[in-house]
Amino acid sequence: MQKRLHVWRRPASLGLLSVLCASCSGAQSALDPAGASAHRIADLFWWMAVGTLVVWAAVAALAIWCVRAREAHGDTRRVKLLIVGGGALVPTIILIGLLIYGLGMMPSMLAPAPPGSLRISVSGERWWWRVRYEPGTPEEVTLANEIRLPVNEPVDFFLESPDVIHSFWIPAIGGKMDMIPGRVTRLTLKPTRTGRFRGQCAEYCGTSHALMAFEVLVVERDQFDAWLAQQRQPAAEPAAQRLVDGRDAFFLNGCSSCHTIRGTPARGIMGPDLTHVGSRLSLGAGILPNETPAFARWIAHTDTVKPAVLMPHWSMLPEEELVALSAYLESLQ
Ligand code: CUA
């Protein structure tokens, strides 16, 4: 029986260990840092984990020492030592050390990027992200639900919201920052390695808070420049008849009153800019793959894919029109 238990215990502990390790890595893990401030936050986490272990071990050792002394020769004086030492002294010394270490990090994490650095404005909408590169300059370009960054360069984020409080968070690259209606908050991030990461709203903001994510792609500077130059271009003219039908459906159904497609008369600003929507890594703010069937599902069932979203569902569209519209949007590379 003892032996069988042993055999069971090993795979179970290996399984637990692999689950714990898996939760430390990945595109949305603060413990798999890929940014300057994320590295500091991860260091702080590990030092705090060590600190709590030391406090726990010291208190447990003192308690065992006291109990043994009392059992052996009725000595109760050591109980005072347990209360003063384990209850106050050891935790106070260790927590003050951790507090000083944590506070010491703040100035460097709150410092703005040097002048001339890339500036990105992000507005938290219900429930998606309006992204503007170089806001307020002639180079300004509006995108949505995706942020690409050049590696090893500090970037200044200006964060805002028109209605409810959101929180902007790319766990692998840095700490979170609230987006508060009526004010602009600032966050500087510096990604330190290339890769694909995931951001997520970190403040409960309504029904579809959990469905408010975004993609982050960190690339080399030349790739970044090429991508941004391409995003500044107006939308391509549809090449095939089916795509022309899709564009017609877009205008006939009034989509242009909420969405912009640069290079066409569509100038709506309620919803995400769709000029290059087909080139994005996901749809619906990080929740669907960027494919024609996913476009169709989104357009026809916004109410179930993202409950309480402001965009109405267009389930009344004939199948053929829906497919053509989806194909047109996907062709906007
Ligand atoms: Cu936006 Cu939660």
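Along each chain, numbering runs from 1 in the same order as the chain's sequence is written. The model is predicted, so local features are restricted to residues of pLDDT at least 70 and side-chain atom pairs to those at 80 or more, both for listing and for counting; the totals for chains, interfaces and linings are taken over all residues. Excluded from the side-chain calculation are hydrogens and water; included are all heavy atoms of the structure.

Undergrad: Quick question: what am I supposed to make of the side chain of serine 256 here?
TA: Helix and strand labels come from DSSP, where a helix needs a run of H or I of at least four residues and a strand needs a run of E of at least two; each type is numbered from the N terminus. Tracing the backbone through its elements, the reader meets serine 256 in the loop between helix H5 (241–252) and helix H6 (292–300). Any two residues whose heavy atoms approach within 4.5 Å at even a single point are treated as in contact. Those residues in contact with serine 256 that sit more than four places away from it in its chain are Phe250, Phe251, Ala266, Arg267 and Gly268.

Undergrad: Please explain unusual backbone geometry as it appears in this structure.
TA: Excluding glycine, most residues fall at negative phi; most peptide bonds, likewise, are trans. Arginine 126 connects to tryptophan 127 through a cis peptide bond whose omega is -10°. Relative to the assigned elements, tryptophan 127 resides in the loop between strand E1 (118–125) and strand E2 (128–133). Phi is positive for asparagine 145, close to 60°, though the residue is something other than glycine. Assignment of secondary structure puts asparagine 145 in the loop between strand E3 (141–144) and strand E4 (146–150). Residue alanine 308 is not a glycine yet carries a positive backbone phi of 70°. Mapped onto the elements of the fold, alanine 308 is located in the loop between helix H7 (302–305) and helix H8 (319–330). Take alanine 308: its relative accessible area is 47%, and that puts it in the partly exposed class. Think of it in three bands: with a 1.4 Å probe and only protein chains considered, a residue is buried below 20% of the maximum accessible area for its type, exposed above 50%, and partly exposed in between.

Undergrad: Can you help me understand the packing of helix H2 (residues 36–73) against helix H3 (residues 77–110) in this one?
TA: A pair of packed helices is captured by two measures, namely the crossing angle of their axes and the spacing between those axes. As a packed pair, H2 and H3 sit with axes 9 Å apart at the nearest point and diverge in direction by 175°. Of the possible angle classes, the one that applies to H2 and H3 is roughly antiparallel. Residues that form the contact of H2 with H3 fall into these classes: 23 nonpolar, six polar and three charged. Whenever a helix is involved, its axis is fitted only over the stretch in contact; in every case the axis is a line through C-alpha atoms, and angles between N-to-C directions fall within 0 to 180 degrees. Between 65 and 115 degrees an angle is taken as roughly perpendicular, under 35 as roughly parallel, over 145 as roughly antiparallel, and anywhere else as oblique. In this classification, Asp, Glu, Lys and Arg are treated as charged, Ala, Val, Leu, Ile, Met, Phe, Trp, Tyr, Cys and Pro as nonpolar, and every other residue, Gly included, as polar.

Undergrad: Any chance you could explain helix H4 (residues 221–232) here in plain terms?
TA: One full turn of an α-helix is made of 3.6 residues, so residues set three or four places apart face in the same direction. Between its first and last C-alpha atoms H4 spans 17 Å; for twelve residues at 1.5 Å apiece the expected length is 16 Å, and the two agree. Along H4, the residues classified as buried are Phe224, Trp227, Leu228 and Gln231. End-on view of H4: buried residues confined to an arc of 95°, all on one side of the axis. Looking at the buried side of H4, the elements it contacts are E1, E2, E3, E4 and strand E10 (213–219). By definition here, a helix of n residues has an expected span of 1.5 Å times n minus one. What the arc covers is the set of directions going from the helix axis to the C-beta atoms.

Undergrad: Looking at this model, I keep getting lost on the pairing of strand E5 (residues 155–160). Mind explaining?
TA: For a regular strand, the rule is simple: side chains alternate between the two faces of the sheet. Here E5 lies mainly inside the structure; five of its six residues are buried. Whether two strands pair comes down to DSSP finding at least two bridges between them. As paired strands, E1 and E5 are joined by six bridges and run parallel to one another. If you follow serine 123 over to E5, its bridge partner there is glutamate 160.

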